[in-house]
Amino acid sequence: MGRQLLFHIDDDEDDRRFFRDATQDDVSVTVMSFESFQDALDAIRTSRPHRIYFDFWVPGMTATQFLRVLSDEIDLSGIYLHLLSGTEVPPFFGELLDRYGVSYHLKPNSISDLRQLLRSTYGEEAF
């Protein structure tokens, strides 16, 4: 398997650093980190990720709005979408899960738990 491009979108700098720390030693992935959905939308015009990991609550746009805009701009087939949230699944996440095929995960509390979660989303050959 070749190198995978991962997008990570979270407005919290600590969460972005945590994600970078969990993936920094993995030579099979390249991570592009964004603090807003708009930044990720701008980047996707020139870089197509294999996977997108994102928080729901990001100032300026919700995850649902982001996926609506994104799906209007590009074909989402073949891009795996993963919502990382600190809360249990509320009813309004339904559109994300049903319409866009988003996988829902509670945000892990440790780097080892995050690495394990990431392995489960794209295989044991990484990390």
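Reading the values: the criteria
Residues numbered from 1 in each chain as written. Predicted model: local features only at pLDDT ≥ 70, side-chain atom pairs only at ≥ 80, totals over all residues. Heavy atoms only, no water. Helix = DSSP H or I, 4+ residues; strand = E, 2+ residues; numbered from the N terminus. Rg over C-alpha atoms; globule rule 2.2 N^0.38 Å. Buried < 20%, exposed > 50% of the residue type's maximum accessible area, 1.4 Å probe, protein only. Contact = heavy atoms within 4.5 Å. Areas by Shrake-Rupley, 256 points an atom, 1.4 Å probe, with all protein chains shown as cover. Lys, Arg positive; Asp, Glu negative; His and termini not counted. Charge placed at Lys NZ, Arg CZ, Asp CG, Glu CD. Arc of directions from axis to C-beta.

Topic: the overall build of the chain
And then number 1: Along its length, the chain carries five helices and seven strands.
And then number 2: Walking the chain from its N terminus toward its C terminus, one meets helices and strands in the order β-α-β-α-β-β-β-α-β-α-β-α.
And then number 3: Computed over its C-alpha atoms, the radius of gyration of the chain comes to 14 Å, within 12% of the 14 Å expected for a compact globule of 127 residues.
And then number 4: Looking at the chain as a whole, 45% of its 127 residues qualify as buried.
And then number 5: Put simply, 65% of the contacts in the chain that link residues at least 6 apart link residues at least 24 apart.
And then number 6: If you sum the accessible surface of the chain, you get close to 6,500 Å²; carbon and sulfur atoms cover 48% of it.
And then number 7: Of the charged side chains in the chain, 12 are positive and 22 negative, and the gap between their average positions amounts to 3 Å.

Quick look at helix H3 (residues 63–73)
Side chains of residues three or four places apart in an α-helix project in the same direction, reflecting 3.6 residues per turn.
And then number 1: Along H3, the residues classified as buried are Ala63, Thr64, Phe66, Leu67 and Leu70. An end-on view of H3 places all buried positions within 155° of arc, on one side of the element.
And then number 2: Where H3 is buried, its residues contact strand S1 (4–9), helix H2 (37–44), strand S3 (51–54), strand S5 (61–62), strand S6 (80–85) and helix H4 (94–99).

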